[in-house]
Amino acid sequence: MNEPVPYLDLPAQMRPIRKEIDAAISRALDNCSFCLGPDVVQFEKDFATYCGAEHCVAFNSGTSALHVAMLLLNVGPGDEVITTPTTFVATSWAISYTGARPVFVDIEDPTFNMDPALIAKAITPKTKAVMPVHLYGHPFAVDPILDVCKKHNLPLVEDAAQAHGARYKGRMIGTFGAVSCFSFYPGKNLGAYGEGGGLVTNDAALAARARALREHGSTVRYYHDEVGFNYRMEGIQGAVLGVKLKHLDAWTRERRRLAARYHELLADTPLQLPREAAYAESACHLYVVRHADRDNLKKHLDANRIGCALHYPVPLHLQKCYANLGYKPGDFPVAEKAACQCLSLPVYPELGDARVERVAASIREFFGK
Ligand SMILES: *Cc1c(COP(=O)(O)O)cnc(C)c1O
């Protein structure tokens with residue numbers, strides 16, 4: 001009997017780095033800096049350097065970083081922020097938390113990312129920012145989107161939660177927008193051993209305000225310049241992320257190699273496979289295939305004990321929480337079709353060729369290949 005293929009395998013990722021992690025956590029315990037502290041400061045420096053950015057501000061989650069990004073751009077009640085319906089809901093939470101309204105525009109095939117050609121039509125006098133997502137690790141079309149932003153004098157926010165280390169025309173994502181936000185949730189390409197997030201910017205004033213908002217709106221303890229939050233990263237997460245950042249490029253290379261292997265093994269099946277745009281070097285966070293008979297393919301893989309997942313089964317404009325926004329089925333046909341057809345196959349550095357081959361063989365069997 002074939003071994004099951006887990007959708008994610010965090011124990012396998014931890015095993016080879018366990019000694020480094022134990023030592024880093026042990027040092028963090030010795031210095032008792034549990035909230036922020038030297039490991040977090042060092043990680044902020046290292047991650048900013050990694051992104052080619054001036055500043056990184058560490059948060060207790062990607063969602064918190066996105067929320068603060070909106071506040072930095074003075075988004076508030078009555079404002080609108082343009083984003084994509086095909087993403088994890090935290091993208092639009094950031095907008096909703098401020099009292100502003102998420103305005104969705106449809107995505108493009110095959111990247112699942114915001115369609116630059118549809119943004120201008122969605123802009124109104126209330127629009128305050130544009131926030132696309134580098135979805136599944138594949139960069140969005142930065143230049144055409146920046147063109148629209150510049151033309152309408154709107155700041156760009158990159159939701160880079162799934163795309164650590166991805167490149168657009170050779171340059172690392174995360175420095176194209178006024179602000180960019182990363183998630184260090186355990187399942188992300190760079191994951192903490194708990195929650196974590198990062199806000200990256202080249203603007204010193206924005207970074208300083210982000211630091212204050214993260215810490216109760218204060219720069220001097222017990223003096224509060226504006227209403228803030230407790231959004232601090234834990235010291236231990238900074239220590240863990242510092243260790244893992246050193247491995248990120250090797251992990252991304254392996255993700256990309258395994259994705260290429262899937263591509264070879266599945267090329268002659270009826271699946272629509274992910275394709276990298278000419279401008280893109282994807283971080284391959286997810287390997288998302290498409291097919292009209294997705295639900296039966298998923299049942300087949302489930303029965304064969306192969307982990308797979310749906311990202312995402314319901315586009316945001318059709319979520320119950322956003323019924324008040326007044327969207328209806330048919331508003332974003334590309335996003336709605338993708339939601340019915342997408343299937344995420346396992347892809348992570350520890351997956352290995354044998355398991356990729358087993359997944360591919362099972363899919364080929366489903367299609368009678
Ligand atoms: C994971 C994720 C987030 C939120 O990050 P958390 O760290 O889980 O709060 C935001 N946007 C996208 C696209 C994500 O995938």
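The structure displayed is predicted, hence computed values, not measured ones.

K.L.:
An account of the pattern of salt bridges is needed here, citing residue identities and associated values.
P.N.:
Scanning all chains against the criterion turns up 19 salt bridges. For R232, the salt bridge goes to E215, with nearest N and O atoms at 3.1 Å. One end of the pair, R232, is in the loop between α8 (204–214) and α9 (235–245); the other, E215, is in the loop between α8 and α9, and 17 residues separate them in sequence. A relative accessible area of 19% means that R232 is categorised as buried. Note on E215: relative accessible area 25%, which makes it partly exposed. E254 serves as the salt-bridge partner of R257, at 2.9 Å between the closest nitrogen and oxygen. Here R257 and its partner E254 are both found in helix α10 (residues 248–266), 3 residues apart, which amounts to about one turn of the helix. Here E254 falls in the partly exposed class, since its relative accessible area comes to 22%. Through salt bridges that share partners, E254, R257, R261, E264, D353 and E357 make up one connected network.

K.L.:
How would you sum up the packing of aromatic side chains? Please name residues and give values.
P.N.:
For the structure on display, the rule yields 18 aromatic pairs. Ring plane angle 20° and centroid distance 6.1 Å describe the contact between F47 and Y50, whose orientation is recorded as stacked. Of this pair, F47 and Y50 both sit in helix α3 (residues 38–51), separated by 3 residues, roughly a single helical turn. Overall, F47 belongs to the buried group, its relative accessible area being 0%. Using a relative accessible area of 14% as the deciding quantity, one classes Y50 as buried. Ring centres 5.5 Å apart and planes at 55° place the aromatic pair Y327 and F332 in the tilted group. Judged by its relative accessible area of 9%, F332 is buried. Put simply, the rings of W93, Y97, F104, Y322, Y327 and F332 pair up and form one aromatic cluster. Here the guanidinium or amino end of R171 rests over the ring plane of F176, the centre of that ring lying 4.1 Å away.

K.L.:
Could you give an account of the nonpolar core, naming the residues involved and the relevant values?
P.N.:
Counting residues in each nonpolar core, the largest one holds 43 residues, and the members touching the most others are F47, I82, I119 and F184. Secondary-structure elements contributing two or more residues to this core are α3, β1 (55–59), α6 (119–122), α7 (142–151) and α9. Of the residues forming this core, the biggest block, 6 residues, is contributed by α3.

Parameters and conventions
Residues numbered from 1 in each chain as written. Predicted model: local features only at pLDDT ≥ 70, side-chain atom pairs only at ≥ 80, totals over all residues. Heavy atoms only, no water. Salt bridge = Lys/Arg side-chain N within 4 Å of Asp/Glu carboxyl O. Helix = DSSP H or I, 4+ residues; strand = E, 2+ residues; numbered from the N terminus. Buried < 20%, exposed > 50% of the residue type's maximum accessible area, 1.4 Å probe, protein only. Phe/Tyr/Trp six-rings, centres within 6.5 Å; stacked < 30°, edge-to-face > 60°. Lys NZ or Arg CZ within 6 Å of the ring centre and 35° of its normal. Core = buried A, V, L, I, M, F, W, Y, C linked by side-chain atoms within 4.5 Å.

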